[in-house]
Structure formats: structure tokens, C-alpha cells
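Breakdown of the fold
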Amino acid sequence: KYAYLSLGPTAEGSTVEPTVERLEGADLSRWTLVSADDSGATGLVQSSTPLLIRGKYNDCLGVGKSLLSAGGGAEGAAAGFVSPSRLSGWRICCRGRDGKQPDSRFRLVKAGVPFGLELGPGPAELKAAPPGLRAEPGGDLGAWPLREQEFALLEDALFCLLGVDGVYLRKVVVAAPQAAGRGAVAGAALLPEFRFEVEAPEGADGSALQFLKQMLPLCEHHAAVQNFAAVQGKYEFGTVNHALCAAIRDLLKEFSVKVGQLESALRVGNLSISKLWYHIQPSMDTFALLHRVASHVFGVVGGSVLNGIEDVMSRSSLTTAQDLCEHLLQQASRPYFEMVSKWIYEGRLEDPYGEFFISESARVRDERFGGPAADFWQKHFALEERVVPQFMVTSREKILHAGKYLHVFFSAAPNAVLPEPSERALFRYSRRRRDYVEAIGAAYRRASAALLDLFMKPGPGGLDLPGRLRSMRSFFFLGKADWFGQLMDTATAELEQPAADVPLARLEGLLDLAI
């Protein structure tokens with residue numbers, strides 16, 4: 001809170017070790033972030049990216065000995081008392097330059113936000129399945145009867161529709177480059193793509209293989225959307241992404257039920273490749289659209305996610321595609337509208353993930369704590385234009401000022417109670433923007449009227465602004481002064497003349513003198 005992670009000499013003086021000191025701007029407190037897997041990698045940093053933290057002398061930070069075994073811990077243990085932090089804590093030390101050491105790999109996470117650990121294996125560990133878990137072709141497929149070939153290829157196709165490698169259909173991950181767009185989460189990359197390839201032996205039925213190749217785009221769309229929901233649904237991507245991924249997972253669940261029904265039909269001999277091709281036609285369009293949505297919003301948060309979905313909807317000509325995008329927008333915008341609702345109806349800014357287009361600066365203080373009132377009103381709450389959802393652009397100023405009015409209202413009258421508005425229940429996304437634009441306008445008028453009433457109403461329930469202004473006029477301005485009599489005494493000669501002949505400069509001087 002008050003110091004910097006730095007390097008300092010050890011007790012022996014021959015090496016350096018990490019320390020915490022107030023060395024602002026010093027070279028010893030400057031650190032470089034390096035990718036632990038690729039030292040030459042550039043771009044934005046993601047919370048799941050393993051990092052090396054390199055200091056001035058190119059040594060990287062790492063986890064060292066236990067605090068209990070470090071200097072100072074042994075004495076406490078001998079005295080019979082050990083601090084709980086020393087029982088579980090570890091020292092930080094310099095660990096050389098090897099990025100493969102687990103004790104030197106760190107991850108940056110957002111403070112104050114719950115963080116999800118990577119409990120499953122990483123992509124590098126999934127390149128090759130363990131022996132015994134990967135099915136192998138049994139015999140020569142080309143020598144089998146056509147019905148048996150079709151059954152084996154159908155079974156593979158159903159596996160691949162759920163993102164699982166088959167015997168003759170293989171999934172290949174295509175690496176995605178880093179993206180550096182505005183509104184992106186730290187380390188946002190382009191959505192990883194997946195490719196499915198047919199590895200059938202010679203002699204296999206050509207028509208069946210052709211049908212399989214036509215189904216591969218659906219497998220690829222499904223795998224990409226499934227990966228998007230797994231990555232973008234992590235804690236650090238915010239509530240809008242959480243809601244969007246929950247809606248996508250519901251669609252994935254419905255699709256898996258459909259695949260299960262197709263598998264049941266296969267087991268009883270009531271499914272052919274042509275029937276499978278017929279049944280997956282609606283899903284082709286659905287997952288192609290979901291893939292486009294995922295590509296547009298991958299790596300971004302808050303209003304940028306909503307703008308990405310709406311952009312896809314505006315470019316879609318099919319009614320079913322627009323309805324699906326509207327469904328995703330309604331689900332994804334729920335937490336966002338909840339933030340807007342709390343802001344314009346209660347004056348509370350609850351935005352732990354930094355998604356809202358209004359941000360609060362804790363450095364700007366009001367006059368009660370030594371800050372200028374004008375700066376507090378203008379700078380304490382700021383409008384971030386680049387992350388405003390497009391469907392709220394016309395109402396952004398009203399949203400900003402409605403919350404500011406209520407924030408000042410409840411700051412001045414913390415025990416005041418405002419009646420609950422009836423329009424709050426209607427605050428949800430709709431393609432008819434008038435529905436929530438009118439609700440925002442009503443909330444703005446409510447907040448403005450509440451603050452104005454607080455200023456104008458006499459005490460003890462109000463601030464009595466008119467009475468305060470009358471008091472200032474009486475005691476500090478000219479309300480009860482004797483300037484008029486003084487002017488009449490000193491300017492008698494001038495005032496007896498016709499108005500056109502009065503020397504105005506002299507009269508103004510006498511007025512200034514009287515005041």
C-alpha cells in the first residue's frame with residue numbers, strides 16, 4: 001500500500017534479495033514481465049498467462065524457503081509461539097532465469113475479484129491422449145460391409161459433434177494470435193479455432209465420407225463455442241460474460257441432449273448418415289451464429305460484449321438469427337442493467353469487475369475531506385465513452401447525472417427514504433429501445449426532483465437553500481446596508497440634473513464610494 005517491491009543487498013552483501021521499500025522511481029524497484037513459455041512473446045497479459053518477474057540483474061522472482069525456516073521464525077517456534085502467516089507462508093527470492101521451474105512462474109490477477117484456479121490439464125498436456133484412452137481402428141474399414149462402415153463413421157461423427165476425438169475424425173487446434181483491441185481484458189487473444197480432419201483408410205465408402213466432411217463445420221463451430229464458454233466464463237471476465245456463457249451453456253446442453261437422442265436412434269438401427277445430415281441442419285445455422293458472436297466478443301468485458309452481440313445481430317438478415325442474438329443480449333445484459341438500476345435508482349456504483357461505463361475515482365475528495373466541491377462533482381464519477389453500450393448512447397448523460405444526483409442526495413441526507421419507482425421492473429433489454437429509454441428518463445426526473453426538493457425544503461428535513469441565500473444577501477451583500485442613503489447625500493447635485501446631462505462616470509464613482 002505504501003511501498004514498492006524492490007531488490008536489496010543480503011546480510012552478507014554479496015547478492016541481492018527481494019525486499020519492500022519506498023524506492024519510487026529507482027532502478028531496483030523496476031520489474032519486467034516475461035512470458036514463462038516464450039521469452040520473446042509480446043502483447044497483452046492474460047490472467048492465465050504464466051509469467052516470469054525479472055529484476056534489474058535479470059534474475060527472476062521465485063518461491064523460496066518457508067517463512068518458518070527463514071530468519072526470525074525459528075526464535076518464535078522455540079518460544080512456543082508461531083505466527084499463522086509463518087506456518088503457511090513462503091519467502092520470495094531470486095531464482096535465476098529458468099522459466100520451466102514451477103516456483104518461478106507467477107500469474108497476475110485482478111485484486112478484489114475471486115479467482116478460479118486451472119484444475120484441469122493445460123493445452124500442452126492434451127495434445128496426446130494417454131495410452132488406453134484413445135480408440136484405435138479395428139481392422140480394415142474399407143473391407144467392411146457398407147452398413148458396418150456407416151455405423152462406425154456415424155459413431156465417430158456423434159463423438160465429434162460433442163468435441164471428442166473419434167477413430168477416423170481428429171480434432172486439431174489452430175493457434176490464435178494476440179488481439180489488442182480497446183475494451184479487451186488483459187491478455188485478450190483471438191478466439192482459438194479448431195479443425196476436424198477425416199483420417200479414413202483407403203476403400204472406405206466415398207459417399208459416407210463426403211457427408212462427414214460436410215458435417216465438419218458444425219463440429220468446428222461447436223468446439224470453438226464450447227472453448228469460448230469455458231474460457232470467457234472465468235471469474236475475471238466479469239458478470240456480463242458470466243451471464244452470456246450461462247446462456248450459451250444452456251444451448252450446448254440442449255444440443256448434447258439432441259446428440260444423445262441421435263445416438264439412441266443409432267443403437268436401434270434407425271439412423272443413417274443422410275438422416276443425421278437432415279437432423280443437424282438447424283444446428284448448423286445456430287452454431288455458426290454462436291461462433292460469430294464468440295469471435296466478436298472474445299477477450300472483452302462489459303459494454304463491449306453487448307456491443308459485439310448487437311453488431312452481429314445488425315448484420316444478420318435471418319429472423320431466427322436476430323431472435324437468437326436478442327435472446328443472448330437479454331441474458332447477457334441482465335447484470336449490466338442491474339448495475340444501471342442500482343446507479344440511477346439508489347445512487348450506488350457496484351462494479352467489482354470494472355464493466356460499467358461510469359467509473360469512480362477515489363482520489364477526488366469532496367469538501368468534507370479537504371477537496372474542492374467543483375472537482376468532486378466533475379471528476380469523482382467519470383463517463384467512459386468507449387465502453388458505453390450502443391443501445392444506451394442517447395441516455396448516457398441522463399444515467400450519469402441521475403446517479404450523481406442520488407449520490408449527493410444520500411450523502412447529505414443518509415436517513416432519507418425515497419419511494420420505490422414503478423418503472424424499475426420494466427428495466428430490461430428490448431429491440432424497442434423506447435421501453436428502457438423512457439424508464440431512464442423517469443429515473444432521471446425522480447433523482448433530479450429529489451435533490452431539488454432536498455435543497456429547497458426548509459429544515460430539519462431539508463437544506464433550506466433559499467433561507468441560506470437570503471441570509472447571505474442580508475449579512476454579506478447589500479440587503480441591509482445604508483449605501484442608498486449615503487449615495488443620495490453625496491450625489492444630490494448630479495441627481496437634480498436631467499438624465500441626459502448627468503455625468504455617468506462621476507455618478508458611478510460616487511456609487512462605488514457609497515458601497
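Cut-offs used in this document
- Residues numbered from 1 in each chain as written.
- Predicted model: local features only at pLDDT ≥ 70, side-chain atom pairs only at ≥ 80, totals over all residues.
- Heavy atoms only, no water.
- Helix = DSSP H or I, 4+ residues; strand = E, 2+ residues; numbered from the N terminus.
- Buried < 20%, exposed > 50% of the residue type's maximum accessible area, 1.4 Å probe, protein only.
- Contact = heavy atoms within 4.5 Å.
- Areas by Shrake-Rupley, 256 points an atom, 1.4 Å probe, with all protein chains shown as cover.
- Salt bridge = Lys/Arg side-chain N within 4 Å of Asp/Glu carboxyl O.
- Pairing = 2+ DSSP bridges.
- Axes fitted to C-alpha atoms, helices over the stretch in contact; angles between N-to-C directions.
- Parallel < 35°, antiparallel > 145°, perpendicular 65-115°, else oblique.
- Nonpolar A, V, L, I, M, F, W, Y, C, P; charged D, E, K, R; others polar.
- Disulfide = S-S within 2.5 Å.
- pLDDT = per-residue confidence, 0-100.
- Phe/Tyr/Trp six-rings, centres within 6.5 Å; stacked < 30°, edge-to-face > 60°.
- Expected span 1.5 Å × (residues − 1).

Our focus in this paragraph is the overall build of the protein. The number of helices and strands found in the protein is 17 helices and 10 strands. Within the protein, the fraction of its 515 residues that count as buried is 37%. Once local pairs closer than 6 in sequence are excluded, the contacts in the protein between residues at least 24 apart make up 64%. Summed over its atoms, the accessible surface of the protein is roughly 29500 Å², and 56% of this surface lies on carbon and sulfur atoms.

We now examine the pattern of salt bridges. Evaluated as defined, the whole model comprises 19 salt bridges. With a closest N to O distance of 3.4 Å, Arg315 and Asp311 form a salt bridge. For Asp311, a relative accessible area of 24% translates into the label partly exposed. In this structure, a network of salt bridges that share partners links the residues Lys342, Glu346, Arg348 and Glu350.

As defined by bridge partners, strand β1 (residues 4-9) adjoins strand β2 (residues 16-21) across six bridges and the pair is classed as antiparallel. Residue Ser6 lies in a different strand from β2, and its bridge partner there is Thr19. What sits between β1 and β2 in their antiparallel hairpin is a turn of six residues, with Gly13 showing a positive phi close to 85°.

Put simply, helix α5 (residues 238-267) and helix α8 (residues 303-314) touch, their axes get as near as 8 Å, and they point 40° apart. Of the possible angle classes, the one that applies to α5 and α8 is oblique. On the side of α5, the interface is formed by Val240, Asn241 and Leu244, while α8 contributes Val305, Leu306 and Ile309. Its residues assigned to classes, the contact of α5 with α8 shows five nonpolar, one polar and no charged.

To continue, consider the side chain of Asn307. Position of Asn307 among the secondary structure elements: in helix α8. When neighbours within four sequence positions are excluded, Asn307 is seen to be in contact with Val388, Pro389 and Gln390.

A separate point is the state of the cysteines. One pass over the structure, following the stated rule, counts zero disulfides. Unpaired in this structure, Cys94 has its nearest cysteine sulfur neighbour in Cys93, at a distance of 6.9 Å.

The next thing to look at is the confidence of the model for the protein. Taken residue by residue, the protein gives an average pLDDT of 82. The fraction at 70 or more is 83%. Low pLDDT (under 50) marks residues 119-138, which in the prediction has 10 contacts with non-local residues, meaning those over four places away or in another chain. Low pLDDT, under 50, characterises residues 177-182; the stretch is placed with 13 contacts to residues that sit more than four places away or in other chains.

We now examine the packing of aromatic side chains. Per the counting criterion, the structure on display carries 14 aromatic pairs. Here the aromatic rings of Phe337 and Tyr436 are separated by 5.7 Å at their centres, their planes lie at 55°, and the arrangement is tilted. Residue Phe337 is found in helix α10 (residues 334-346), and its partner Tyr436 is found in helix α13 (residues 434-456); the two are separated by 99 residues along the sequence. No difference in accessibility class separates Phe337 from Tyr436, as the two residues are buried. In this structure an aromatic cluster arises from ring pairing among Phe337, Phe391, Tyr429 and Tyr436.

End to end, α13 covers 32 Å across 23 residues, agreeing with the expected 33 Å (1.5 Å per residue, within 8%). Those residues of α13 that fall on the buried side of the exposure criterion are Tyr436, Ala439, Ile440, Gly441, Ala442, Ala443, Arg446, Ala447, Ala450, Leu451 and Leu454. Buried residues along α13 sit in contact with α10 and α12 (396-412).

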